[in-house]
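Geometric and topological summary
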Amino acid sequence: MTSGAGLPFALRAMRPDDVDGVAAIEGEAFSDPWPARAFRDLLRHPSARLRVALEGGTLLGYCVVMRALDEGEVANIATAPTARRRGVAALLLDDAMSALARDGVTSLFLEVRESNTAARALYASRGFRAVGRRRGYYRLPDEDALVLRWSAPPVEPVATPTVPPATS
Ligand SMILES: CC(C)(COP(=O)(O)OP(=O)(O)OC[C@H]1O[C@@H](n2cnc3c(N)ncnc32)[C@H](O)[C@@H]1OP(=O)(O)O)[C@@H](O)C(=O)NCCC(=O)NCCS
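In this report, we go over the structure that sits alongside the text. Since the model is a prediction, treat every value here as computed from it, not as a measurement.

1. Concerning the overall build of the protein chain
For the protein chain, the count of helices and strands is four helices and eight strands. Helices and strands appear in the protein chain in the N-to-C order β-β-α-α-β-β-β-α-β-α-β-β. Along the longest, intermediate and shortest principal axes, the C-alpha atoms of the protein chain span 80 × 40 × 30 Å. By the burial criterion, 25% of the 168 residues in the protein chain qualify as buried. A separation threshold of at least 6 residues defines the contact pool for the protein chain, and within that pool the share at least 24 residues apart is 55%.

What follows is the structure, encoded as structure tokens:
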């Protein structure tokens, strides 16, 4: 379990008994929601990382990321409508990005509805930039997706100390 600095909620791995609550938030958050089965299947997927945010025993949000070698994808993230603008998604996303970066992921991708200003602001605040568009990607309603990418900052070369020539 991890906690956000100064924030009243905590994060932990999603468990099978969270799925009904997660699916309830999903149903409120999206017009074309993932079914509960999709979360259950991903809990068994070795490349998926699913985390939930909780306050006391109350589920506030969740995040699903996938990893393939040095690339990752933010597959899903949502906060319960009553818990929005309190930093839940930011904490979940920061946690996912740190974990993926620790595992060697250097690029993260995601799709977002062009009209989803809240999500786009969240991603922009974490350094994601638009790199493409998928025409007609979403339904209910039909809409283009923007493809966003985050790249890990280049690793600075470690300065090697100059060793003076040996004197004999
Ligand atoms: C997008 C979503 C996940 C944001 O969740 P949240 O927990 O409310 O976000 P946070 O409180 O962590 O916000 C972090 C930052 O994102 C941006 N942001 C979040 N919601 C915003 C909004 N409604 N308008 C403008 N900026 C917003 C802000 O920069 C915010 O920082 P600030 O509050 O210090 O200004 C939430 O609105 C949601 O569940 N939407 C429906 C599902 C969805 O669209 N998921 C993304 C699919 S790609």
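2. A few points about the packing of helix α1 (residues 19-29) against helix α2 (residues 36-43)
Between α1 and α2, the shortest axis-to-axis distance is 9 Å and the interhelical angle comes to 130°. Accordingly, the angle class assigned to the pair α1 and α2 is oblique. The two elements α1 and α2 cross, and the hand of that crossing is right-handed. Across the interface between the two elements, V19, D20, V22 and A23 from α1 touch A36, F39 and R40 from α2.

3. Observations concerning the site of the ligand
In the neighbourhood of the ligand, 21 residues make up the surrounding shell, with R84, A89, A90, A118 and A121 lying closest. Those elements giving two or more residues to the shell around the ligand turn out to be β5 (71-79), α3 (88-102) and α4 (117-125).

4. Regarding the pairing of strand β4 (residues 58-68)
Taken together, the eight bridges between strand β3 (residues 48-55) and β4 define a ladder with antiparallel strand orientation. Paired with A48 across the strands is M66, a residue of β4. The turn linking β3 back onto β4 is made up of two residues, and G56 within it adopts a positive phi angle of 60°. In this structure, β4 lies alongside β5, joined through eight bridges in antiparallel fashion.

5. Let's talk about unusual backbone geometry
Residues other than glycine predominantly adopt negative phi, and peptide bonds predominantly adopt the trans conformation. A cis amide bond links L140 with the next residue in sequence, P141, at an omega value of -5°. Within the fold, P141 resides in the loop between β7 (129-138) and β8 (143-151). Positive phi is not limited to glycine here, since L69 has a value of about 55°. With respect to the secondary-structure elements, L69 resides in the loop between β4 and β5. By C-beta crowding, L69 is classed as exposed, having 10 other C-beta atoms within 10 Å.

6. Considerations on the nonpolar core
Here is a general trend for soluble globular proteins: nonpolar side chains tend to be buried in one another's company. Counting residues in hydrophobic clusters, the biggest one holds 36 residues, and the most contacted among them are A53, Y62, C63, L92 and A96. Only α1, β3, β4, β5, α3, β6 (107-113), α4 and β8 provide two or more residues apiece to this core. The element contributing the most residues to this core is α3, with eight residues. The contact partners of A53, leaving out residues within four places of it in the chain, are F9, L11, L60, G61, V88, L91 and L92.

Cut-offs and rules
Residues numbered from 1 in each chain as written. Predicted model: local features only at pLDDT ≥ 70, side-chain atom pairs only at ≥ 80, totals over all residues. Helix = DSSP H or I, 4+ residues; strand = E, 2+ residues; numbered from the N terminus. Buried ≥ 20, exposed ≤ 12 C-beta atoms within 10 Å, placed from the backbone. Contact = placed C-beta atoms within 7 Å. Axes fitted to C-alpha atoms, helices over the stretch in contact; angles between N-to-C directions. Parallel < 35°, antiparallel > 145°, perpendicular 65-115°, else oblique. Left-handed = near helix turned anticlockwise from the far one by under 90°. Near = placed C-beta within 6 Å. Pairing = 2+ DSSP bridges. Core = buried A, V, L, I, M, F, W, Y, C linked by C-beta atoms within 7 Å.

In short, geometric facts, not functional conclusions.
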